[in-house]
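A look at the structure
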Amino acid sequence: SPAALAITSVFREMADNIVSHAYADPQSPCRALAGYHVTATGTCFSVVDDGQGFLRSLRNNPAWASLASEHDALHAVVHDHATARMGEKEGNGFKQLFNGLLNLHGVVILRSGASSFILKDSGKEWERQEHDSYPIQGSQVTFHMDTGGQNIECEV
């Protein structure tokens, strides 16, 4: 189905981001974990690493070198489709995540450093909540959707 293709495509892209962006030194790769869970009414996946996080990664691109905080970095990714890749105006991974999964009644959680953005599908656009969180090294991207329209984070 189109929904299954969108989810698997985004999951693959998020896992690829670990290889492409998570660590600054190829001689010292970071640890990462990617996992998913499927239920009768929905699915969820999460990709987490202990690498450099969104801010340090984006600062590698001169276009984003002036970002001052992890919060600014998450905003740039969500709002401006910022990318650490040189020569590219916009990143495709998160753009694909936000556009491809919008109509799936989902919730996306982005974490980096002590910042957390929770994006919920409100039908026509993503509703964003910003929070301070327990500081982490690296970054985390989590997506949860439910075919019954319950876009809430829950324990499994």
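In short, a report on the structure. Keep in mind that what you see is a predicted model, and the values were worked out from it rather than measured. (Residues numbered from 1 in each chain as written. Predicted model: local features only at pLDDT ≥ 70, side-chain atom pairs only at ≥ 80, totals over all residues. Heavy atoms only, no water.)

Tallying each qualifying case throughout the model produces one aromatic pair. Pairing Phe45 with Phe143 gives two aromatic rings, centres 5.7 Å apart and planes at 40°, and the pair type is tilted. Placement of Phe45 in strand β2 (residues 42–49) and of Phe143 in strand β4 (residues 126–146) is noted, with a sequence separation of 98 residues between them. The burial state of Phe45 is the same as that of Phe143; both residues are buried. (Phe/Tyr/Trp six-rings, centres within 6.5 Å; stacked < 30°, edge-to-face > 60°. Helix = DSSP H or I, 4+ residues; strand = E, 2+ residues; numbered from the N terminus. Buried < 20%, exposed > 50% of the residue type's maximum accessible area, 1.4 Å probe, protein only.)

Three or more residues of helix α3 (residues 70–80) are buried, namely Glu70, Ala73, Leu74, Ala76, Val77 and Val78. Positive backbone phi, at 55°, marks His81, one or two positions downstream of α3.

Bringing the pairing of β2 into the picture now. As paired elements, strand β1 (residues 32–38) and β2 share seven bridges and run antiparallel to each other. Along β2, the bridge assignment pairs Gly35 with Ser46. In terms of strand pairing, β2 meets β4 through eight bridges, oriented antiparallel. Following the sheet pairing, Ser46 is matched in β4 by Thr142. (Pairing = 2+ DSSP bridges.)

So, about the environment of His37. On the secondary structure map, His37 appears in strand β1. With a relative accessible area of 35%, His37 lands in the partly exposed category. Along the primary structure His37 and His144 are separated by 107 residues, whereas in three dimensions their C-alpha atoms are 9.3 Å apart.

As enumerated under the stated definition, the model contains two salt bridges in all. Among the salt bridges present, the one from Arg31 reaches Asp50, with a minimum N-O distance of 2.7 Å. Highlighted residues: Arg31 in the loop between α1 (2–21) and β1 and Asp50 in the loop between β2 and α2 (53–59), separated in sequence by 19 residues. Classification of Arg31 by relative accessible area gives exposed; the value is 65%. (Salt bridge = Lys/Arg side-chain N within 4 Å of Asp/Glu carboxyl O.)

Looking now at the sheet that holds strand β3 (residues 106–121). Pairing is antiparallel across the open sheet formed by four strands, whose spatial order is β1-β2-β4-β3. Of all the strands in the sheet, the pair left with one neighbour each is β1 and β3. The average angle at which neighbouring strand axes cross in this sheet is 10°, direction not considered. Sheet strands in contact with α3 are β3 and β4, and its direction is about 30° off that of β3. (Axes fitted to C-alpha atoms, helices over the stretch in contact; angles between N-to-C directions. Contact = heavy atoms within 4.5 Å.)

At His81, a position not held by glycine, the phi torsion is positive, near 55°. By the element assignment, His81 lies in the loop between α3 and α4 (93–100). Residue His81 is classed as buried on the basis of its relative accessible area of 18%.

With respect to the helices and strands, Thr83 occurs in the loop between α3 and α4. In this structure the side chain of Thr83 is engaged in a polar contact, spanning 3.1 Å, whose partner is the backbone nitrogen of Arg85. (Polar contact = N/O pair within 3.5 Å; in protein donor to acceptor, adjacent residues only side chain to side chain.)

Among the nonpolar cores identified, the biggest contains 28 residues, and Phe45, Leu58, Leu67 and Leu110 are the most heavily contacted of them. Elements supplying a minimum of two residues to this core: α1, β2, α2, α3, β3 and β4. Top contributing element to this core by residue count: α3, with five residues. In contact with Leu67, not counting residues within four places along its chain, are Leu55, Leu58, Arg59, Asp72, Ala73 and Ala76. (Core = buried A, V, L, I, M, F, W, Y, C linked by side-chain atoms within 4.5 Å.)

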